[in-house]
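Summary of structural features
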Amino acid sequence: MRGRWIALALWLVPLLLFAVIPVVALLVRGVGAATGGLGSVLAAESGALVNTLGISLGATAWALCLGAPLAFLLFRTDLPLRGAFTVLFTLPSAIPAFIWGMGWLSLASPRAGYLNRMLGADVFDLYGAAGIAFVEGLSGLPLVLLAGAAALRRVDPALEEAARVCGASPLRAVLNTTAPLVMPALLSGAVMVFLMAASSFGVPYLLGVSASPPTRVLTTRIYELVLLGSEEGLPRASVLASFLLLLTPLALGLTWVLGRSGRVRLSAGKGVSPRVLALGTWRTAALAGVGLVGGVLVVLPLAAILLTSLQRSFGAALTWDALTLSHWSGVLWDARTLRATGRSVLLAAGAGLLVVGLGLAGALLRRAFRRGGAAVEAMAVWPFAVPGTVLALALLVAFSRDWRLVVLDRVAFVLALAHTPWLMLVGYVGKYLALGERNSSEALAQVDPSLAEAARVGGAGPVRAFVDATLPLLRPALVVAFVLAFLACATEITLSVLLVPAGSEVLGTLLFELQSYADPAAAAVLACAFVVLVVAGQAVLAWARRRVPEVR
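Notes on the structure in this doc start here. This structure is a prediction, so every number in the text was calculated from the model and none was measured.

Reading guide: rules and limits
Residues numbered from 1 in each chain as written. Predicted model: local features only at pLDDT ≥ 70, side-chain atom pairs only at ≥ 80, totals over all residues. Heavy atoms only, no water. Phe/Tyr/Trp six-rings, centres within 6.5 Å; stacked < 30°, edge-to-face > 60°. Helix = DSSP H or I, 4+ residues; strand = E, 2+ residues; numbered from the N terminus. Buried < 20%, exposed > 50% of the residue type's maximum accessible area, 1.4 Å probe, protein only. Lys NZ or Arg CZ within 6 Å of the ring centre and 35° of its normal. Salt bridge = Lys/Arg side-chain N within 4 Å of Asp/Glu carboxyl O.

Now for the packing of aromatic side chains. Evaluated as defined, the whole model comprises 14 aromatic pairs. For the ring pair Y223 and F512, a centre distance of 6.4 Å and an interplane angle of 80° mean the geometry is edge-to-face. Taken together, the residues Y223 in helix 10 (residues 218-228) and F512 in helix 21 (residues 507-518) connect sequence positions 289 residues apart. The pair formed by Y223 and F512 is uniform in burial state, with each residue classed as buried. With a centroid separation of 6.2 Å and an interplanar angle of 65°, the aromatic rings of F384 and Y432 are classed as edge-to-face. Here F384, found in helix 15 (residues 373-385), pairs with Y432, found in helix 17 (residues 421-445); they are 48 residues apart in sequence, far enough to count as distant. Overall, F384 belongs to the partly exposed group, its relative accessible area being 40%. Y432 sits in the buried class, given a relative accessible area of 10%. A connected cluster of aromatic rings, assembled from ring pairs, spans F98, F201, Y205, Y223 and F512. Positioned above the aromatic ring of F384 is the side chain of K431, whose terminal nitrogen or guanidinium carbon lies 5.8 Å from the ring centre.

Pairing between side chains becomes possible if they bear opposite charge and their charged atoms approach one another. Inspection of the entire model under this criterion finds nine salt bridges. E505 is the partner of R336 in a salt bridge, and the nearest nitrogen-oxygen pair spans 2.5 Å. Residue R336 is found in helix 14 (residues 335-368), and its partner E505 is found in the loop between helix 20 (494-499) and helix 21; the two are separated by 169 residues along the sequence. The class for R336 is partly exposed, based on a relative accessible area of 28%. Measuring nitrogen to oxygen at the nearest pair gives 2.7 Å for the salt bridge that ties R336 to E513. Of this pair, R336 sits in helix 14 while E513 sits in helix 21, and the two are 177 residues apart along the sequence. According to the relative accessible area criterion, E513 is partly exposed, its value standing at 30%.

So, in structure tokens, the structure goes:
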């Protein structure tokens, strides 16, 4: 019993120190600053607040309008190539939104965009609030699509059959029976899109700061105020971060309510076998339509990034003579890129190992404290819902000065994280700890405790029984958690941009700097490398997930 509490204390100390206390301190600081002049802060930053809400609502509407019919076509009908389309339309969630912004900027930049040059006029202009909402909605599309797919799999087809028996057409039967049951899940996914768009930093900075007039949102204003570093700037940034932080519990609470209202109860506890709806003569037209949407929204921006990386300069003539591999050789073998790659790999690998270790410990504590298990899970998962900008600002404020602990006036412990890569590592682990805890918990729930008990009966100690009997069965899930955390940290941009110390850039900050200030063609090369890394990581994940059922 005592060992269980000691283990909980050892697990909680770093979590409280590096995730909970900094965010709470930032919130308190924001509230304190607000009480001294909330009206003036709101008046000065009302534009950023209105833009954030407007862009987030626009992205949510776009993702919902596109994701709802796609979910129905991909998971409820006999549309050909449904598996390939599912992979295609979930790709935006695996690739950073900043890269999608780069791709659409290559296509729809007012002067140099490929589409505008092909059409011979400034038809498209991606800069501004509408362009940001478009890209953010596309990045959030998988959240709506997968939520709708999960709900469609739970709906009993007997409901539609009953409607058909009463004389309803196939379409009316779907609209009157299935659609009302699926809608709460779709709205729940849309709420998550809203939260994702409101906390996004890279796309608003790429497409908003350079717009005329500039379109500023809360995250970009926080970044500008942090860069200023004035006595007035940091308190104001704390106030804006507090506004952004308040959106998280509101969105999660709304998602919980929608999830409960849309819960489908299965009769007699039996599962259902969804029946495929035949499209009939509309099958070919639906295939062409879905293929066109996937080609335009997903394939075209990635192809534009590849083309940009092969051009001598962005905006050059679209001829074979203008294509070159000089950017690839110049970027990939540049000393600056190699150093950034080395730091990214080390930080991502270190964060992945810590995420797996702390996540597994959290899952074991959750099983040990059955009644308090939900609290342990909440402690591990909640930093994932905190916007990256807020978490980064909280760490900057909390560790701007060294922490000193003097014991008995003789021994002093100093924690100096400011302006070091260790602060980025702390941010990565805190942000993505949920990946380790959730994967470990799900795998641990599938392992029969009798295996460890049998090892104990055979004379093994608790640690030996866990290492020899339980841990091998958890290995595939732990590999999945490590790869997910590694990919997320290696391609992280928001936390990296705010926390990177001078002279210690990583791949995310290098991509951000090249695209924003220096060389879009060189940035396109890095973006292609990011896409290759993500696709390779997804292949490893698919291999590891196929091994998970073998251990049940």
